[in-house]
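Residues per chain, in single letters:
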Amino acid sequence: GAGVDLPSVPLSQAQVVVSAGRGMGDTEGFGLVEELAQALGGAVAGSRGAFDEGWIKEEQIVGVGGQFIAPDLYIACGISGDIYHCFGMQDAKFVVAINPDERAPIFKVANMAIVGDARQILPAMLESLANKGNGNYAYLDTLAEAKKVLVNEAGGTLVTIAKDVKIQVEFN
């Protein structure tokens, strides 16, 4: 809810980063990114476009002229992924990209590419995490499970999928 200040992890040290681009559309869309980051115990970041929209602070920009990060899980929401941005997150261990344009450059650096509107997909992810959480862990048990949630329930189209990996995020 509003007004709750969670101790924020510095972006450079965050294991999970949920990142917003202009594709989130408005402050309401950006709010979904904040919600997902909170659900995963992660940090919020974004593209220069998100900064230009006034959604993030300068120190939250990922890419050349901003932060270089290497989280375990990077979820790019509505980010097209220009070369400057991709340089900033190229050391992320696992990248999930959500974008309606299947030609978006971000997909070239993604382990999991979801063609769809993040504004529809993020609520489905949040619902899935709420159902899975047992207090300590939230699971997207395997990418097969992730695919079920992200594609079947949220209406995205999965283009590429990496080998079956367990994405397990510990709540703080």
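Provided above is the structure to which this section pertains.
The notes below deal with the structure included here. Since the model is a prediction, treat every value here as computed from it, not as a measurement.

A separate point is the overall build of the protein chain. Scanning the protein chain from N- to C-terminus turns up five helices and eight strands. The secondary structure elements of the protein chain, listed N-terminal to C-terminal, are β-α-β-α-β-α-β-β-α-β-α-β-β. By element, 47% of the accessible surface of the protein chain is carried by carbon and sulfur atoms, the whole surface being about 8800 Å².

Time to look at the pairing of strand β1 (residues 16–20). Burial runs high along β1: five of the five residues are buried. Side chains V16, V18 and A20 of β1 all project onto a buried face; the interleaved residues V17 and S19 project onto the opposite face, where all are buried too. When β1 meets strand β3 (residues 73–77), the two strands line up parallel, connected through five bridges. Residue pairing in the sheet places V16 in a bridge with L73 of β3. Since β1 and strand β2 (residues 43–46) lie parallel, the crossover through helix α1 (residues 27–39) that links them has a hand, and here it is right-handed.

Turning our attention to the nonpolar core. One finds V33, I75, C77, I98 and L122 to be the most contacted residues of the largest nonpolar core, which totals 29 residues. Among the secondary structure elements, those contributing two or more residues to this core are β1, α1, β3, β4 (94–99), β5 (112–115) and α4 (118–132). At six residues, α1 tops the list of elements feeding residues into this core. Once you skip the residues sitting within four places of it in the chain, C77 turns out to touch V18, S19, A20, G21, M24, V33, I98, A118 and L122. If you look at the next biggest cluster of nonpolar residues, it comprises 21 residues, including A104, F107, A113 and V115.

Criteria and cut-off values
Residues numbered from 1 in each chain as written. Predicted model: local features only at pLDDT ≥ 70, side-chain atom pairs only at ≥ 80, totals over all residues. Heavy atoms only, no water. Helix = DSSP H or I, 4+ residues; strand = E, 2+ residues; numbered from the N terminus. Areas by Shrake-Rupley, 256 points an atom, 1.4 Å probe, with all protein chains shown as cover. Buried < 20%, exposed > 50% of the residue type's maximum accessible area, 1.4 Å probe, protein only. Pairing = 2+ DSSP bridges. Right-handed = clockwise from strand over helix to strand, strands pointing away. Core = buried A, V, L, I, M, F, W, Y, C linked by side-chain atoms within 4.5 Å. Contact = heavy atoms within 4.5 Å.

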